[in-house]
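# Analysis of the macromolecular model
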Amino acid sequence: MFDLLNSYVKYDPAAKSRLEVLLFYPGIKALLLHRIAHTFLKLRVPLLPRMISEIGRFLTGIEIHPGARIGQNVIIDHGMGVVIGETAVVGNSVILYQGVTLGGVSTKKEKRHPTLEEGVIVGAGAKVLGNIIIGKGARIGANSVVLKDVPPSATVVGIPGTVESLRN
């Protein structure tokens, strides 16, 4: 937990202390509650994981399905309206801004949500949909709609999202 708190303090110049982050940053609360819900889901405890998830959504405005896999040092900045679906995978050191959706496009019982590899940044209001892979270090522009795989270090913008540049 201290690593996550330290990540927020390092990332956000407005954060004055770990205590401030713990008490007042909704992304931290949502991630901590998700870790608890995810643990109970893995233990096959019925209903409790979804109940914890709903409490997290009520308290923070951030909806993370208990089945989603979330890496270390993930930052959900501002957070209101963020939705992370059941089969989504979020890698280490990913940053998600407000209004981001990691959603599905299928109703089949299969992997139907995106995978975000390490270091991905997803701008405010972006929708990343389907069983796609967003490569390491990629950036998704605000309000973009991404429906296809994105290569590592790419910047994607627009509706539908298109690769605008690749960083080395």
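Residues numbered from 1 in each chain as written. Predicted model: local features only at pLDDT ≥ 70, side-chain atom pairs only at ≥ 80, totals over all residues. Heavy atoms only, no water.

Moving on to the overall build of the chain. Within the chain, the regular secondary structure consists of 4 helices and 15 strands. On C-alpha atoms alone, the chain measures out to a radius of gyration of 15 Å, which is about the 15 Å that the 2.2 N^0.38 rule sets for 168 residues. Considering only contacts within the chain whose residues lie at least 6 apart along the sequence, 29% involve residues at least 24 apart. Counting only carbon and sulfur atoms, one obtains 60% of the accessible surface of the chain, whose full area is about 9000 Å². Measuring between centres, the 19 positive side-chain charges of the chain sit 4 Å from its 12 negative side-chain charges. (Helix = DSSP H or I, 4+ residues; strand = E, 2+ residues; numbered from the N terminus. Rg over C-alpha atoms; globule rule 2.2 N^0.38 Å. Contact = heavy atoms within 4.5 Å. Areas by Shrake-Rupley, 256 points an atom, 1.4 Å probe, with all protein chains shown as cover. Lys, Arg positive; Asp, Glu negative; His and termini not counted. Charge placed at Lys NZ, Arg CZ, Asp CG, Glu CD.)

There is a patch of nonpolar side chains on the surface, built from Met51, Ile55, Phe58 and Leu59 and spanning about 470 Å² of accessible area. Relative to the helices and strands, Ile55 resides in helix H4 (residues 48-60). With relative accessibility at 42%, the residue Ile55 sits in the partly exposed group. (Patch = residues over 30% accessible without salt bridge, like charges linked within 9 Å, V, L, I, M, F, W, Y side chains within 5 Å. Salt bridge = Lys/Arg side-chain N within 4 Å of Asp/Glu carboxyl O. Buried < 20%, exposed > 50% of the residue type's maximum accessible area, 1.4 Å probe, protein only.)

Two modes of strand pairing occur in sheets, parallel and antiparallel, and in both the strands are linked by backbone hydrogen bonds. Judged by pairing direction, the sheet is mixed, and its 6 strands sit side by side in the order S3-S6-S9-S12-S14-S15 without closing on themselves. Edge positions in the sheet fall to strand S3 (75-76) and strand S15 (162-166), since each of these pairs with one other strand and no more. In this sheet, strand S6 (residues 95-96) lies alongside S3 in parallel orientation, the contact comprising 2 bridges. Within S6, the residue paired with Ile75 across the bridge is Ile95. (Pairing = 2+ DSSP bridges.)

Sheet faces and side chains relate simply in a regular strand, where the side chains alternate between the two faces. Only one face of strand S14 (residues 154-157) is buried: it carries Ala154 and Val156, and the other face, with Thr155 and Val157, is open. The pairing of strand S12 (residues 139-140) with S14 spans 2 bridges and is classified as parallel. Residue pairing in the sheet places Arg139 in a bridge with Thr155 of S14. Note: S14 against S15, 4 bridges, orientation antiparallel. What sits directly across from Val157, in S15, is Thr162. Connecting S14 to the antiparallel partner S15 that follows it, the hairpin turn spans 4 residues, and Gly158 within it adopts a positive phi of roughly 100°.

Turning our eyes to something else, we now look at the nonpolar core. Counting 38 residues, the largest nonpolar core has Tyr8, Ile64, Ile84, Leu96, Leu102, Val122 and Ile134 as its most contacted members. Those elements that provide at least two residues to this core are helix H1 (2-11), helix H3 (26-42), S3, S6 and S14. When neighbours within four sequence positions are excluded, Ile64 is seen to be in contact with Ala30, Leu31, His34, Ser53, Ile70, Ile76 and Ile84. (Core = buried A, V, L, I, M, F, W, Y, C linked by side-chain atoms within 4.5 Å.)

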